[in-house]
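# Summary of the model geometry
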Amino acid sequence: MTIIDEGRDRSKDGVEINRVKDKARLAVQDAGRIAMTYFRQRFDHWEKSPGQIVTDADIAIDRFLHEALVDEANGDGWLSEETPDDHKRLDRRRVWVVDPIDGTRSFAAGLPEFTISVGLLVDGHPVLGFVFNPANGDFFEATAGQGAKLNGRPLHATWRQSLEGANIVVSSSENKSRHFADYMPGANLTTIGSLAYKLCLVAAGRYDGYLTWRRTHDWDIAAAVLVLEEAGGLISTPDGQPILLNRAEPWHEGLIAGGPALHQAVLDTTAKAYGHLRGHR
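The structure reproduced in this document is the subject of the present report. From a predicted model like this one, the values you see are computed outputs, not experimental measurements.

### Topic: the overall build of the protein
On a plain count of helices and strands, the protein comes out with seven helices and 14 strands. In terms of overall size, the protein behaves like a compact globule, its C-alpha atoms giving a radius of gyration of 18 Å where 281 residues would be expected to give roughly 19 Å. If you line up the protein on its principal axes, its C-alpha atoms span 50 × 45 × 40 Å. Taking all 281 residues of the protein together, 54% fall into the buried category. For the protein, long-range pairs separated by at least 24 residues make up 63% of all intrachain contacts whose partners lie at least 6 apart in sequence.

### Considering the pattern of salt bridges
Scanning all chains against the criterion turns up nine salt bridges. Residue Asp 22 pairs with Arg 25 through a salt bridge whose shortest N-O separation is 3.1 Å. With Asp 22 and Arg 25 both in helix H1 (residues 17-38) and three residues apart, this pair spans about one turn of that helix. A salt bridge links Arg 89 to Asp 85; the shortest N-O distance between them is 2.8 Å. Overlapping salt bridges, with partners in common, bring together Asp 22, Arg 25 and Glu 141 in one network.

### Thoughts on helix H6 (residues 218-230)
With 13 residues, H6 should reach 18 Å at 1.5 Å per residue; the first-to-last C-alpha distance of 18 Å fits that figure. A bend of about 30° at Ala 224 is the largest found in H6. Within H6, 13 of the 13 residues are buried, which leaves it mostly tucked inside the rest of the structure.

Conventions and cut-offs
- Residues numbered from 1 in each chain as written.
- Predicted model: local features only at pLDDT ≥ 70, side-chain atom pairs only at ≥ 80, totals over all residues.
- Heavy atoms only, no water.
- Helix = DSSP H or I, 4+ residues; strand = E, 2+ residues; numbered from the N terminus.
- Rg over C-alpha atoms; globule rule 2.2 N^0.38 Å.
- Buried < 20%, exposed > 50% of the residue type's maximum accessible area, 1.4 Å probe, protein only.
- Contact = heavy atoms within 4.5 Å.
- Salt bridge = Lys/Arg side-chain N within 4 Å of Asp/Glu carboxyl O.
- Expected span 1.5 Å × (residues − 1).
- Bend = angle between axes of the 7 residues up to and from the residue.

Here's what the structure looks like:
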């Protein structure tokens, strides 16, 4: 259940991909250094909406990445969690999709479970993806049609077929309310911060799958879905629909991700419960 049309070579879609990739990689690395000047230090944070916090670091990194990445002459679009969305991106072929700190609560708590997420879309399809955890040095990157890497090493999602004994990563707070173990008996559930990081760890084979029924946004996933797919993984909505990026409303009602066989197993096992949940919303 992929996010793109099979057979399309996104890396040759009118973008000087290598030049842009090198520039973006350096920008993400620099953003990581900015993040670490704030991490476990004193900084301001506040709620931008109930339950959603933002920090000085989010704002500083957002501004830095916008300046470093957006090519005004090329007509680049921009979508970021920390920038008001004026929908101009909808008329642009090339759009940067950024979460300056994914996992802000973990970051604010001093936990090394946050990432900087930067994806580049061309005509709605991801062509570059970078997800960086500067606290532990995990640097994930992917180029369309060229595979995915972690610190220079190729990534491969697992080929596990059965949920029995599978390692599934989920959100801690969501798991407390959803009790996902009830729907996936025999699976081992782990909770960590940062949605993008979870998806990349599935791409790396550290976990077999990922599940959420919460609303997610393009900035959470645009970079990570490319990493996952280039590592051979699959991602969809909880009812099996493909993930479409850069729409007017850039959000998705939940996600299922994993290797090809396990993705289907999670989809089949949780379909009834998810359908029941949707019916009561």
